[in-house]
Structures are given as structure tokens and as C-alpha cells.
Number of protein chains: 2
Amino acid sequence: MGIRVNFENNLGELKSKITEMGELSVVALERAFKALKTQDVEIALKVIEGDTAIDNLEMDINQFAIWLMAKEAPVSRDLREIIGVLKISSEIERVADFAVNIAKATIKIGNTKSLLEITHLEKMKELSIDMLQKALQSFLEENIIFAKEVGDLEDEVDQLSGETYKKLTAYLSEHPEETNQLVQLLFVNRYLERTADHITNIAESTAYLIKGQIYDFNS
Amino acid sequence: MGIRVNFENNLGELKSKITEMGELSVVALERAFKALKTQDVEIALKVIEGDTAIDNLEMDINQFAIWLMAKEAPVSRDLREIIGVLKISSEIERVADFAVNIAKATIKIGNTKSLLEITHLEKMKELSIDMLQKALQSFLEENIIFAKEVGDLEDEVDQLSGETYKKLTAYLSEHPEETNQLVQLLFVNRYLERTADHITNIAESTAYLIKGQIYDFNS
């Protein structure tokens, strides 16, 4: 097998690990939100436990990438791809961390009358998952169209996050007895906004890989 | 000049850029807190503007590291050092981002009677800066003692953060008219807790560099 074929195979393995990490993070976000919505501490604990697998995958990817760099001493585009893989895996890890943060907020809220319906959090979660899937597809298929769509969806999440902040703080001023839950929902609102930011970073790294040019979809 | 000397020189330059980034982040944290304490929007805006220089330094470091890897194809400890530099610069960048977040919270609070004195936020800021300076010193001098001290200080920040959360939410239940400021202070409390986490990651990366062994000072 030629050096080139070997390198492509190794890069392919790195990419499939990225896909696995991405899929696990989608599951983590879905589960964390289900836990929040149904106030189910058991599911929340599963999200927290499940994060170790995602962290381990990131370490795997880092070590594999370092080994590949040491072995092949890649240059130009190949090197950019490996650095891209490292950046993207660290962004996915942060998305998964936000799922854990949502799970922890769920536990802090406990069992009480849910105020989720006064927020846009569910819609924001759906948009974020859509964004993550598009960002991953963009990376795997080297498709810049999907990467650009991620940037557009982020604007929607930002908009919804601003509105949710206003609704929650207004409600809080009138219902101080709900402080605990409302503060936690304000944190979840922030986590989902940040989740969307990090998914946008994945799309930007991908766009950079494809075009060799730096993008800023956040601004 | 031998290849070895050349490599050491380049690594030295990377390390001096890390120091510069660290120093700028200390300034950003100090300034952001001063803005929060004196409710000075001008200073807050300076922190936000100043973040570009830190972001640019991180990009510089990334590109320099990639160039060095492509040029020297380093292995074992040398490679670990460069990967360490990349990890540490990305953690410092996140610390600087929290300074920006504190500056933004300051702007959202605006001019009103400050409730900072009911919190431990100033003490947490001081501990964080102490941690960052120790973590950087540990990295530059390859001194594991400082890295361990960072882990101890993080426990203190966590403790103070927990207490501050309780104080702020209790106050909020009784003073709903202060919702805006109190919610922003709750966010600042979270940012400082996360700042301490990321500084601990710097210390862990440093400990890994020195000992070639993975540490978890967070747990």
C-alpha cells in the first residue's frame, strides 16, 4: 500500500471517529433536553455519565492525530486537515459539555411545575441539533453550502435566545418564588446560545479546510 | 546553527508568545472586574476591543506551531511540547473570553446601586489571577509544584462560587426589582468559576508536559 493510500485511510479513520463523536453529542443534547422537559433526573444522570465516552473519543482522536503527524510529517492541505480534525473534535467536546450542563441544571430544578413553555428553549435545541448535523455533513462531504447554512441558523438561535432572556427575566421579576427554576432556565438559555456558537466554529473550521480561507459566520 | 538549537529557539519563541497572551489575559480580567466594580462602560468596551489582540496572538501561535511541525516533524517530547502550547493557548483564549463576558455583563448592568458586596466575586477574581500566574510560571519553568497549587486554589474558587450562587438567588427572591443586575452577577459568578476551570486545564497540560502523565486537578 502506498504512503498516500495509507495517509488517506488514517485520515478516514479520524473522520469516522469525528462522526461518532458528533452522533454521541446529538444523543447527549436530545437526552439532556428530554430530561429537562420531563424533569427526569435518571436521564440527566445518564447524560452526565455518558460524557466520559465522548471525552475518551476526543483523547483518542488527539492521540491518533499526533501519531499521524509524527509518522507522516504532513504538509499544506494534509496538515490543515489534521489540525482541522483537532479543532473540530475539541468543539464537539464543548457541545457535549453543554449537554452535561443542561443535565445538571435539570437536577438543580428538581420536581416542580415546569416553566419551559414560556421560553424558546425547545426550538433552540432543535435548531442546534440541525446545525450540528449540517456542520458534520459539511465536514465529511467537504460541502461549503451546508457550512454557510449553519451560520444562518445561528442567527435564529441568537434571536430566540435574546427573546427568551427577556421573557425569563420579566417573569422572574413577578414570580420571585420561582427564582431557582428561572435562574437555571436562564443558564440553559445561555448554554444553548453557546452551543450554537461552537457548532458555528465547526462550520468555520470546515469552510477553512475546504477553501483554505478563514470565515467568521458569527459576525 | 544545529537543528536542535533551531528547534529550541523556535519553541522559546512560542513560549514567549504564550507568556504575552497570558499577560494580556491577566490585564483583561483585571480591567473587566474594575469595569464591573466601578460600573464603567468605557473600560468594559476597552476589554471587548482588546480581545482581538489576544485572538490574533492565538492564531499566530497556531500558525507558528503548524509551521514548526511541518518543518521539523518533531516526535515524542518535542511534539508533546508543541501540542501542549496549542492546548494552553486555546485555554488562555477562553479565559480572555470570560473577561469579555464579564465586560458585557457590566454593560448590561448599567448604572445602578452595585450589589457586588453581597458576593465573593472579587475574591474569586483575585484567586483566578493568582492561579493564572502560577499556571504560566509552572509552564515556563516546568515546575510541577506550581501546577499542583493551581488545583488547590480552584477548590477555593468552587467553594466561593457555590456560596455566591446561594447568596444571589436568596437576595433575588426578596428583591425582584433587582432582577437584571442579580442575573448578570449570577452569570459573572459562573464565568469566574469556568475561568478557574480553564486555568486548571492549563496546569494539567503543563503537568502532563513535565511528567508525561495525565492529571485531573478538577476532581
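Residues numbered from 1 in each chain as written. Chains lettered and ligands numbered in written order. Predicted model: local features only at pLDDT ≥ 70, side-chain atom pairs only at ≥ 80, totals over all residues. Heavy atoms only, no water.

- An unreviewed UniProt entry annotates chain A as Phosphate-specific transport system accessory protein PhoU of Psychrobacillus soli.
- Quoted verbatim from the Function (unreviewed entry) heading of the UniProt record, the comment on chain A is "Plays a role in the regulation of phosphate uptake."
- You can read under Subcellular location (unreviewed entry) in the UniProt record for chain A the words "Cytoplasm". (UniProt positions renumbered as here; feature names shortened; annotations may be inferred.)

1. Details of the packing of helix α4 (residues 121-141) of chain A against helix α6 (residues 179-211) of chain A
All names here are of chain A.
Stage number 1. For the pair α4 and α6, the least separation of the axes is 9 Å and the interaxial angle reads 15°. Taken together, the axes of α4 and α6 are roughly parallel relative to one another. Between α4 and α6 the crossing geometry is left-handed.
Stage number 2. Classifying every residue of the contact of α4 with α6 by side-chain character gives 15 nonpolar, 6 polar and 2 charged. (Axes fitted to C-alpha atoms, helices over the stretch in contact; angles between N-to-C directions. Helix = DSSP H or I, 4+ residues; strand = E, 2+ residues; numbered from the N terminus. Parallel < 35°, antiparallel > 145°, perpendicular 65-115°, else oblique. Left-handed = near helix turned anticlockwise from the far one by under 90°. Nonpolar A, V, L, I, M, F, W, Y, C, P; charged D, E, K, R; others polar.)

2. A closer look at the packing of aromatic side chains
Stage number 1. The full count for this structure, using the stated rule, is 7 aromatic pairs over all chains.
Stage number 2. Consider the rings of Phe187 of chain A and Tyr191 of chain A, whose centres lie 6.3 Å apart with planes at 20°: the pair is stacked. Placement of both Phe187 of chain A and Tyr191 of chain A in helix α6 is noted, with a separation of 4 residues, approximately one turn of the helix. Tyr191 of chain A shares its class with Phe187 of chain A; the two are buried.
Stage number 3. Summarising the aromatic geometry, the rings of Phe64 of chain B and Trp67 of chain B are spaced 5.5 Å apart at their centres and angled 70° between planes, so their arrangement reads as edge-to-face. With Phe64 of chain B and Trp67 of chain B both in helix α2 (residues 41-72) and 3 residues apart, this pair spans about one turn of that helix.
Stage number 4. A residue is classified by how much of its surface remains accessible, and Trp67 of chain B, at 41% relative accessible area, is partly exposed.
Stage number 5. An aromatic cluster is built from Phe98, Phe187 and Tyr191 of chain A together with Phe98, Phe187 and Tyr191 of chain B, whose rings are joined through pairwise contacts. (Phe/Tyr/Trp six-rings, centres within 6.5 Å; stacked < 30°, edge-to-face > 60°. Buried < 20%, exposed > 50% of the residue type's maximum accessible area, 1.4 Å probe, protein only.)

3. A word on a negative patch on the surface
Stage number 1. Taken together, Asp152, Asp155, Glu156 and Asp158 of chain A make up a surface patch of like negative charges.
Stage number 2. Position of Asp152 of chain A among the secondary structure elements: in helix α5 (residues 144-174). (Patch = residues over 30% accessible without salt bridge, like charges linked within 9 Å, V, L, I, M, F, W, Y side chains within 5 Å. Areas by Shrake-Rupley, 256 points an atom, 1.4 Å probe, with all protein chains shown as cover. Salt bridge = Lys/Arg side-chain N within 4 Å of Asp/Glu carboxyl O. Lys, Arg positive; Asp, Glu negative; His and termini not counted. Charge placed at Lys NZ, Arg CZ, Asp CG, Glu CD.)

4. Details of the pattern of salt bridges
Stage number 1. On inspection of all chains with the given rule, the structure shows 26 salt bridges over all chains.
Stage number 2. Of the charged contacts, one joins Glu142 of chain A and Arg77 of chain A as a salt bridge, the two residues approaching to 2.9 Å between their closest N and O atoms. In this pair, Glu142 of chain A is assigned in the loop between α4 and α5 and Arg77 of chain A in helix α3 (residues 76-109), connecting sequence segments 65 residues apart.
Stage number 3. Given the relative accessible area of 31%, Arg77 of chain A is considered partly exposed.
Stage number 4. Residue Lys15 of chain B is joined to Glu142 of chain B by a salt bridge in which the shortest nitrogen-to-oxygen separation is 3.5 Å. Placement of the pair is Lys15 of chain B in helix α1 (residues 3-38) and Glu142 of chain B in the loop between α4 (121-141) and α5 (144-174), with a sequence separation of 127 residues.

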